[in-house]
Amino acid sequence: MVNIRLVASLAAALALILMPFFAGTFTVTLMNYIGVYAVAVLGLVILTGIGGVTSFGQASFVGISAYASAWLTATQGFSPWLGLLVACVITGGSAFVIGGVTLRLKGHFLPLSTIAWGIAIFYLFGNLEALGRFGGLSGVPPIALGPVSFASNGAMYYLIWITLGLCMLLCSNLLRAREGRAIRSLRGGKQMSESLGINTFRIRLVTFVVAALLAAISGWLYAHMSRFVSPAPFDVRASIEYLFMAIAGGQGYIVGAVVGAAAITLAKNYLQDILPAFTQHSEQMEVVVFSVLFIVLLHHARGGIVSLVRRWLPRRKPAPPAAASDMERREMPKAGTPLLEVEGLTKRFGGLVAVNKMGFSIRAGEILALIGPNGAGKSTMFNLIAGALHADEGKITLFGEDISKAPSRRIAALGLARTFQHVKLRPNMSLIDNVVLGTYQRTKAGFVSGALALDRNEERIAYHEAYRQLKRVGLGDNPHELAGNLSLGAQRILEVARALAADPALLILDEPAAGLRRMEKQALAELLRALRAEGVTILLVEHDMEFVMNLVDRIVVMVFGSKLTEGAPAAVRADSQVQEAYLGGVA
Ligand code: ADP
Ligand code: MG
């Protein structure tokens, strides 16, 4: 079969290369603007579309860079290349500082704060004498590379589109790599990412800086293309337009940046042509028409143009992961050594004491079940152990380290992996991409090596490991299916595979068998036994007594936040107190 994607890409590349020879000056200029905008929008595709951080400040980063390079070259006489370097340093540095202050803000406060400093920077440009106030800076020199000058529209066209192509390549490499997956995981909620050892604040901050650097490149190209800078193109309205481009193109897609930049720029251009025929207030009408378009888009085509087109393209069928060497495994603690110690643990939610002076311990190599009626505090107990919650009183020791106050990624680093009672997956990522997230702490590649594709060997090994775990839990048939398509029971099992990909010494599973059929439960019990034989220690919550009785070594019974009793399964089952608690009502 003819590969439609390949043919379309080749045709597009050829058209782009030949364009200046056939098109008029106006079209080339328009293409230049589209390319320059697309570089800045690319930053938003990653930051907002993929990372879920909405920023109304992208245009101010473009502005900081444009002004930095314009000032250095037009008033100080330096080369535009030094301008680029300084622009990137200043823009990236500003993003680092601004991001460091604002990225910890929750919910709507973050977008609101980006609006605030977007406005502040606009007025700063407009009021600084050295930057020409609202009149701006003119006389910005063209870029030159040795004997080649990029003064003409046509030469600038090639510089812009080659730069855009390179930026897209680096970004698409990055998104496929380890840190790119961490960016994609951000939307699954902080709790999930942190439990996998991902420092979500750091990832958000670096992503913010990456987006700002793309804005910096865009601003530099802009300044030396239009040879003049003024505050107007960098105000909050421009930032909103960049966001609009990212959403119109297709938030989650790299090519969406180009498609969106092109669609909005062309639409604006078209409106400027036709609106004057209908109204004298065409500039205001333009804003109104765009607002209406924006709302229609958000309601009917959230995925943007790219996802609409993708529906018509044949689905790509990726091959199963290639064979690679096995990943190195951690040394398991010797069977019988104390592994987890919980003492006098109390957690209150307002007036409710969810966990009340709990105490128990686990030795390496055993399977311990925590049982009790609904609302007994079992999931809260798990969240305390995994560091998703912190206790009000008491102490938890894991591998001899006091983890009562530790963040969950520290606990993950010690060798604890978990699943959640309410499944936390990325439904729009494939099964294998979800599982490979589990290998995050066993791999090293950073942002730069990911973007430069220097991580390919490590990636092969990580995917090989993820595939192995998928097959192990019985989900290896269709590794590229989307996780959201699985039944809820299978999604729980997928979480188990993700936890196993972290090579845990202690595995804690919150109701792993809920929603499974009888045969599937047996397979899960087999898997857990095999893991125990490998030296993995397991703590689980489960309501199915038959499942628990035949599998676990010891049971701790919890009622109203406190420990009722603990012991071997048979003894616990015979306990009259336990029978009473359970007759009181349990699922
Ligand atoms: P279990 O997992 O044993 O069913 P949980 O640990 O989920 O029980 O809940 C124990 C108690 O704590 C319940 O009464 C629940 O309503 C309450 N609870 C759990 N999480 C929270 C929270 N984040 N805020 C307030 N109350 C909570
Ligand atoms: Mg629970």
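Further up the page is the structure itself.
Heads up: these notes are all about the structure in this document.

Read across the open sheet, the six strands follow the order E10-E11-E12-E7-E13-E14; overall the sheet is mixed. Of all strands in the sheet, those bounded by a partner on one side alone are strand E10 (416-418) and strand E14 (562-567). Strand-to-strand twist in this sheet, taken as the mean axis angle between neighbours without regard to direction, amounts to 15 degrees. In terms of strand pairing, E10 meets strand E11 (residues 506-510) through three bridges, oriented parallel. Across the sheet, the residue bridging to Leu416 is Leu506, located in E11. The strands that helix H14 (residues 378-386) touches are strand E7 (367-371), E10, E11, strand E12 (537-541) and strand E13 (554-559); relative to E11, the one it contacts most, it runs at about 150 degrees.

The local shell around ligand 1 consists of Phe349, Leu352, Ala354, Pro373, Asn374, Gly375, Ala376, Gly377, Lys378, Ser379, Thr380 and Gln421. Between an oxygen atom of ligand 1 and a main-chain N or O atom of Gly377, the distance comes to 2.9 Å. Between ligand 1 and Lys378 there is a distance of 2.8 Å, counted from an oxygen atom to a side-chain nitrogen or oxygen. Protein chains bury 59% of the 560 Å² of accessible surface belonging to ligand 1 in isolation. Of all the elements in the fold, those that place two or more residues in the shell around ligand 1 are strand E6 (352-363) and H14. At three residues, H14 tops the list of elements feeding residues into the shell around ligand 1. Along the lines of polarity and charge, the residues of the shell around ligand 1 split into five nonpolar, six polar and one charged.

In this section: the coordination of the magnesium ion (ligand 2). With distances of 2.0 to 2.1 Å, the protein atoms coordinating the magnesium ion (ligand 2) are Ser379 (OG) and Gln421 (OE1). Highlighted residues: Ser379 in helix H14 and Gln421 in the loop between E10 and helix H16 (431-436), separated in sequence by 42 residues.

Leaving glycine aside, a negative phi is the common case for residues, and trans is the common case for peptide bonds. Even without a glycine there, the phi angle at Phe399 is positive, about 50 degrees. With respect to the element layout, Phe399 can be found in the loop between strand E8 (393-398) and strand E9 (401-402). Given a relative accessible area of 30%, Phe399 falls into the partly exposed group. A positive phi is found at Asp503, a non-glycine position, where the angle reads about 55 degrees. Along the chain, the position of Asp503 falls in the loop between helix H19 (488-500) and E11.

With that settled, the discussion passes to a nonpolar patch on the surface. Taken together, the side chains of Leu14, Ile17, Leu18, Phe21 and Phe22 make up a nonpolar region of the molecular surface, amounting to roughly 590 Å² of accessible area. Assignment of secondary structure puts Leu18 in helix H1 (residues 4-22).

With that settled, the discussion passes to helix H9 (residues 200-226). For H9, with 27 residues, the first-to-last C-alpha span of 38 Å sits near the 39 Å given by 1.5 Å per residue. Most of H9 sits inside the fold, with 21 of its 27 residues counted as buried. Two residues or fewer past H9, Arg227 is found with a positive phi of approximately 60 degrees.

Taken as a whole, this structure holds 15 aromatic pairs when the rule is applied. Consider the rings of Phe61 and Trp117, whose centres lie 4.9 Å apart with planes at 55 degrees: the pair is tilted. One end of the pair, Phe61, is in helix H3 (residues 58-75); the other, Trp117, is in helix H5 (residues 109-127), and 56 residues separate them in sequence. The burial state of Phe61 is the same as that of Trp117; both residues are buried. For the pair Tyr123 and Phe134, a centre-to-centre distance of 6.5 Å together with 80 degrees between the ring planes defines the contact as edge-to-face. Taken together, the residues Tyr123 in helix H5 and Phe134 in the loop between H5 and strand E1 (137-138) connect sequence positions 11 residues apart. Looking at Phe134, the relative accessible area reads 44%, which means it is partly exposed. Grouped by ring-pair contacts, the aromatic residues Tyr33, Tyr37, Tyr67, Phe125, Tyr222, Phe234 and Tyr242 constitute a single cluster.

Attention now moves to a positive patch on the surface. On the surface, Arg176, Arg310, Arg315, Arg316 and Lys317 cluster together into a patch of positive charge. Among the secondary structure elements, Arg176 is positioned in helix H6 (residues 153-176). The exposure class assigned to Arg176 is partly exposed, which follows from its relative accessible area of 45%.

Thresholds, definitions, all that
Residues numbered from 1 in each chain as written. Chains lettered and ligands numbered in written order. Predicted model: local features only at pLDDT ≥ 70, side-chain atom pairs only at ≥ 80, totals over all residues. Heavy atoms only, no water. Pairing = 2+ DSSP bridges. Helix = DSSP H or I, 4+ residues; strand = E, 2+ residues; numbered from the N terminus. Axes fitted to C-alpha atoms, helices over the stretch in contact; angles between N-to-C directions. Contact = heavy atoms within 4.5 Å. Near = heavy atom within 4 Å. Polar contact = N/O pair within 3.5 Å; in protein donor to acceptor, adjacent residues only side chain to side chain. Areas by Shrake-Rupley, 256 points an atom, 1.4 Å probe, with all protein chains shown as cover. Nonpolar A, V, L, I, M, F, W, Y, C, P; charged D, E, K, R; others polar. Donors = N, O, S within 2.8 Å, 3.2 Å for Na, K, Ca; no water. Buried < 20%, exposed > 50% of the residue type's maximum accessible area, 1.4 Å probe, protein only. Patch = residues over 30% accessible without salt bridge, like charges linked within 9 Å, V, L, I, M, F, W, Y side chains within 5 Å. Salt bridge = Lys/Arg side-chain N within 4 Å of Asp/Glu carboxyl O. Expected span 1.5 Å × (residues − 1). Phe/Tyr/Trp six-rings, centres within 6.5 Å; stacked < 30°, edge-to-face > 60°. Lys, Arg positive; Asp, Glu negative; His and termini not counted. Charge placed at Lys NZ, Arg CZ, Asp CG, Glu CD.

Such coordinate-based values are descriptive only and should not be taken to indicate function.
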